[in-house]
Amino acid sequence: MRIAIGSDHGGFNLKNDIIKHLEAKGIEVKDFGTDSTESCDYPEFAEKVAKEVVAKNFELGILICGTGIGIGIAANKVPGVRAALCSDTFSAHACREHNNANILTMGERVVGKGLALDIVDTFISTNFEGGRHERRVNQISELENKYCK
Ligand SMILES: O=C[C@H](O)[C@H](O)[C@H](O)COP(=O)(O)O
């Protein structure tokens, strides 16, 4: 599995913890920045990771900012992205199984490191269930086709 990861300054430290955690498990992770805690703007890093995931250069993406909200809103503007903000493992499981989420977003100012790593593990190890959920995810794509010109 290959994972694309990115953050703004507000998610920089948690992003590094996640990279270390995934690499220790032998998972390939590519870091699309930012590279320090110096203030920056999250849409830039959301777009970098979103483009890679939609192009299928990576199976999944992870985006971290202070809350996980802004970077997720930005990523969801890229057609084909289904970014899910998670602060608990139940949501991390459900967003993969039901929504086929392809990007996980979290807030470094919201979740502690231990919980965040559990959320990551749940997200990357859960598969899309298909069936009735596939019909609904297809309807999301239809909305995208209708409104995203
Ligand atoms: O949704 C936005 C993110 O949480 C940002 O990380 C946050 O707004 C950055 O705030 P500040 O510039 O005050 O560090």
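This text follows the structure it describes.
Residues numbered from 1 in each chain as written. Predicted model: local features only at pLDDT ≥ 70, side-chain atom pairs only at ≥ 80, totals over all residues. Heavy atoms only, no water.

S.K.: What am I meant to see in the sheet that holds strand β1 (residues 2–7) here?
M.R.: Remark on secondary structure: sheet strands pair via backbone hydrogen bonds, oriented parallel or antiparallel. The 5 strands lie next to each other as β2-β1-β3-β5-β4, forming an open sheet whose pairing is parallel. Two strands lie at the open edges of the sheet, namely β2 (28–31) and β4 (83–85), each paired on one side alone. Here the strands of the sheet are splayed against their neighbours by 25 degrees on average, with no regard to which way each runs. When strand β3 (residues 60–65) meets strand β5 (residues 103–107), the two strands line up parallel, connected through 5 bridges. Looking at β5, one finds that Gly61 is bridged to Ile103. (Pairing = 2+ DSSP bridges. Helix = DSSP H or I, 4+ residues; strand = E, 2+ residues; numbered from the N terminus. Axes fitted to C-alpha atoms, helices over the stretch in contact; angles between N-to-C directions.)

S.K.: Before we go on, may I ask you to explain the pattern of salt bridges in this structure?
M.R.: If the charged atoms of two oppositely charged side chains come close together, the side chains can form a pair. Summed over all chains, the structure comprises 5 salt bridges. In this structure, Arg2 engages Glu28 in a salt bridge whose closest nitrogen and oxygen atoms are separated by 3.0 Å. Within this pair, whereas Arg2 is found in strand β1, its partner Glu28 is found in strand β2, the two being separated by 26 residues in sequence. Between Glu44 and Lys48 there is a salt bridge, with its nearest N and O atoms 3.1 Å apart. Of this pair, Glu44 and Lys48 both sit in helix α2 (residues 42–54), 4 residues apart, which is roughly one turn of the helix. (Salt bridge = Lys/Arg side-chain N within 4 Å of Asp/Glu carboxyl O.)

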